[in-house]
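Structural characterization, general
Residues per chain, in single letters:
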Amino acid sequence: VGRQNRPSVESAFPREDLSLSLFGRFRRRGLRAKERGEGYGPPLENIGEAVGNTPMVKINERLCPEGRTIYAKCEYFNPLSSVKDRLALSIIETAEKEGKLKPGDTVIEATSGNTGIAVAMMCAQRGYKCVITMAEPFSVERRKLMRMLGASVIVTPKAGKGTGMVEKAAELAEKHGWFLCHQFETDANWKFHEETTGPEICNDLKGVNGGKFDYWVTGYGTGGTFHGAGKYIKATSPDTKIVLAEPGAANLLDSGIPTERNADGSPNGSHPAFKAHPIQGWTPDFIPLVLEKGMDLKLMDEYVPIPDGVAVQTSQDLARTQGILTGISGGATMWAAIETAKKAPEGSVVVCMLPDTGERYLSTPLFASIAADMNEEELEIAKSTPSHVLLPS
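Residues numbered from 1 in each chain as written. Predicted model: local features only at pLDDT ≥ 70, side-chain atom pairs only at ≥ 80, totals over all residues. Heavy atoms only, no water.

1. A short note on the overall build of the chain
What counts here: Per the convention used, a helix needs a DSSP run of H or I reaching at least four residues, while a strand needs a run of E reaching at least two, with both numbered from the N terminus. Only protein chains enter the calculation, and the probe is 1.4 Å; a residue is then buried if its accessible area is under 20% of its type maximum, exposed if over 50%, and partly exposed in between. The contact rule is simple, with two residues in contact once any of their heavy atoms fall within 4.5 Å. Here, Shrake-Rupley sampling with a 1.4 Å probe gives the accessible areas, and only protein chains in the shown set may cover a residue. Here the positive residues are Lys and Arg and the negative ones are Asp and Glu; neither His nor the chain ends is included. Working definition for charges: the position is that of NZ of Lys, CZ of Arg, CG of Asp or CD of Glu.
If you tally the helices and strands in the chain, you get 13 helices and 10 strands. Seen through its principal axes, the chain has C-alpha atoms that stretch 70 × 60 × 45 Å. For the chain, the residues scored as buried account for 51% of the 393 residues in total. Here the contacts in the chain between residues at least 6 apart in sequence split such that 70% fall between residues at least 24 apart. For the chain, the computed accessible surface area is about 19,400 Å², with 53% contributed by carbon and sulfur atoms. Across the chain, the mean location of the 44 positive side-chain charges is 2 Å away from that of the 49 negative side-chain charges.

Here is the structure:
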């Protein structure tokens, strides 16, 4: 909503002003966003209304292969900075409509972090109590963010992997009568992406190249984005090829081995092909039911395994060449998009997902090489003038 009727830059600036920016150095070249100062729109009733309608940003030639175009859909523009805000909003609103949630209830979910943060946001706004189970290896800042939002965070041992935190959430829900979100199984997950994420991509591209795009690239955590947005894209733009990526070290889909399930669709044990990988939020140690149902629809046209190291490197490259600060999963998806573009015919348009913000990874390998103290080059700059030089202790 509100992205189909963007004002043209010509309507706000005289023709003679279009060639220069405020500083007289850079060409405007057709600003597509709302003019700055126009405002967002009427005030929102609550934070949930800010979910969705995230922008796509063109990747410049410092990363994008020559003769191709890559657009990144920046999901960190959601209010709590990840694509999982969509999922949490949908699960809570669906449960309310179906009478499964009432005032004073407690909501519980198992999460690698982003879903938990989003669920905690929605519970805080709606007045529900929130309990999150989360496996030990995931970043500490995620735990703190959930607790900041009023959630209780139950950390499960590393040995239990993703299935351990899922089993703990189910156990606690049954014991205390709490509402379990079932993010990995519920249709409310993928349906919201079919209603929002997919249409946003197709609508925002209508004014660009006639709406044509050749590839859509994504990874998976629950599989909701792939299933829901993929279903809409295939129905609306059948010539678009859908590219699905997963860590090469945890090639669950590529193994061809199905996940054994409990009666509710949850996993009945860890997948034999799973190995630990650094892409937090991607590929738990089981194939989620939401993903499996998407695979059953034959949505995937191409598969890309992500080699070790490239996700972190590409995320850092995005920061340093595009000014885009995204997490390790965003780096993995962008790497898959770049590799897809390299092999695509000249003139191809590739769209990819950036699921969250890089600020959620300060304690992870993404920032391991980023120092907090001044390096030698910075110290030399500081010493190049006489005042206020902080020397190393």
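From this point, the discussion proceeds with the structure in view.
2. Remarks on the pattern of salt bridges
Here is the rule: In what follows, salt bridge is the name for a side-chain nitrogen of Lys or Arg lying within 4 Å of a carboxyl oxygen of Asp or Glu.
Using the criterion set out here, one finds 15 salt bridges in the structure. For Glu96, the salt bridge is made with Arg126, and the minimal N-O distance between the two is 3.1 Å. With Glu96 in helix α2 (residues 84-97) and Arg126 in helix α3 (residues 114-126), this pair connects stretches of sequence that are 30 residues apart. Across the salt bridge formed by Lys212 and Asp214, the nearest N and O atoms sit 2.6 Å from each other. A relative accessible area of 43% places Lys212 in the partly exposed class. Residue class for Asp214 comes out buried when judged on its relative accessible area of 17%. A network of salt bridges, in which partner residues are shared, links Lys73, Glu75, Arg86 and Glu200.

3. Brief notes about the sheet that holds strand β7 (residues 215-218)
Counted only if it meets this: For two strands to count as paired, DSSP must find a minimum of two bridges between them. Lines fitted to C-alpha atoms define the axes here, with helix axes fitted over just the stretch in contact, and angles between the N-to-C directions of these axes take values from 0 to 180 degrees.
The strand order across the open sheet built from 6 strands is β1-β2-β10-β7-β8-β9, with neighbouring strands paired in mixed fashion. Pairing within the sheet leaves two strands with one partner each, and these edge strands are β1 (56-58) and β9 (302-306). On average, each strand axis in the sheet is tilted by 25 degrees relative to the strand beside it, whichever way the strands run. Where β7 lies against strand β8 (residues 241-247), 4 bridges are found, and the strand directions are parallel. In the strand pairing of β8, Thr218 is matched with Leu244. Strands β7, β8 and β10 (349-354) of the sheet are contacted by helix α8 (residues 224-236), whose axis makes an angle of about 175 degrees with β7. Sheet strands in contact with helix α12 (residues 328-343) are β2 (69-74), β7, β8, β9 and β10, and its direction is about 170 degrees off that of β10.

4. A closer look at the nonpolar core
As a reminder of what qualifies: Nine residue types can take part in a nonpolar core, namely buried Ala, Val, Leu, Ile, Met, Phe, Trp, Tyr and Cys, and a core is a set of them joined through side-chain atoms within 4.5 Å.
Judged by nonpolar contacts, the single largest core of 41 residues is most densely connected at Leu101, Val107, Ile108, Val119, Cys130, Met146 and Phe179. Counting only elements with at least two residues in this core, the list comes to α2, β3 (106-110), α3, β4 (129-135), α5 (161-176), β6 (179-180) and α6 (187-195). Not counting residues up to four positions away in its chain, the partners in contact with Met146 are Thr111, Gly113, Gly116, Ile117, Ala120, Ile132, Met134, Ala151 and Val153. In terms of nonpolar packing, the next biggest core, distinct from the first, is built from 34 residues, Val304, Val310, Ile338 and Leu354 among them.

5. Looking at the environment of Gly104
Locating Gly104 in the fold gives a position in the loop between α2 and β3. Sequence separation between Gly104 and Ile306 is 202 residues; the distance between their C-alpha atoms is 43 Å.

6. Details of the pairing of strand β5 (residues 152-156)
Inclusion rule: Convention used here: a crossover is right-handed provided that the path from the first strand, over the helix, to the second strand proceeds clockwise when the strands point away from the viewer.
Pairing of β4 with β5 involves 5 bridges; the strand directions are parallel. Bridging from a neighbouring strand, Thr133 pairs with Ile154 of β5. With respect to chirality, the unit in which β4 leads through helix α4 (residues 140-148) into the neighbouring parallel β5 is right-handed.

7. Topic: helix α7 (residues 197-204)
Within α7, 7 of the 8 residues are buried, leaving the element largely enclosed by the surrounding structure. Within the sequence span of α7, burial applies to Thr197, Gly198, Pro199, Glu200, Ile201, Cys202 and Asp204.

8. Notes on the pairing of β2
If a strand is regular, its side chains alternate between the two faces of the sheet. Most of β2 is tucked away, with 6 of its 6 residues classed as buried. A two-sided burial pattern is seen for β2, the buried positions comprising Thr69, Tyr71 and Lys73 on one face and Ile70, Ala72 and Cys74 on the other. As defined by bridge partners, β1 adjoins β2 across 3 bridges and the pair is classed as antiparallel. Opposite Met56, over in β2, you have Lys73 as the bridge partner. Bridge count between β2 and β10: 6 bridges; the pairing is parallel. Residue pairing in the sheet places Tyr71 in a bridge with Val351 of β10.

9. Some details on the packing of α3 against α4
When two helices pack together, you describe them by how their axes are tilted relative to each other and by the distance separating the axes. Note the cut-off: Put simply, angles under 35 degrees are roughly parallel, angles over 145 are roughly antiparallel, angles from 65 to 115 are roughly perpendicular, and the rest are oblique. As a working rule, the residues Ala, Val, Leu, Ile, Met, Phe, Trp, Tyr, Cys and Pro are called nonpolar, Asp, Glu, Lys and Arg charged, and the rest polar, with Gly in that last group.
As a packed pair, α3 and α4 sit with axes 9 Å apart at the nearest point and diverge in direction by 10 degrees. In terms of their interaxial angle, α3 and α4 are classed as roughly parallel. Contacts between α3 and α4 involve Asn114, Gly116, Ile117 and Ala120 on the former and, on the latter, Arg142, Leu145 and Met146. A per-class count over the contact of α3 with α4 returns 4 nonpolar, 2 polar and 1 charged.

10. Here we look at the packing of α6 against α7
Relative to each other, α6 and α7 sit at 15 degrees, their axes nearing to 3 Å. As judged from the angle between their axes, α6 and α7 are roughly parallel. Contacts from Phe192, His193, Glu194 and Glu195 in α6 reach Thr197, Gly198 and Pro199 in α7. Broken down by class, the residue content of the contact of α6 with α7 amounts to 2 nonpolar, 3 polar and 2 charged.

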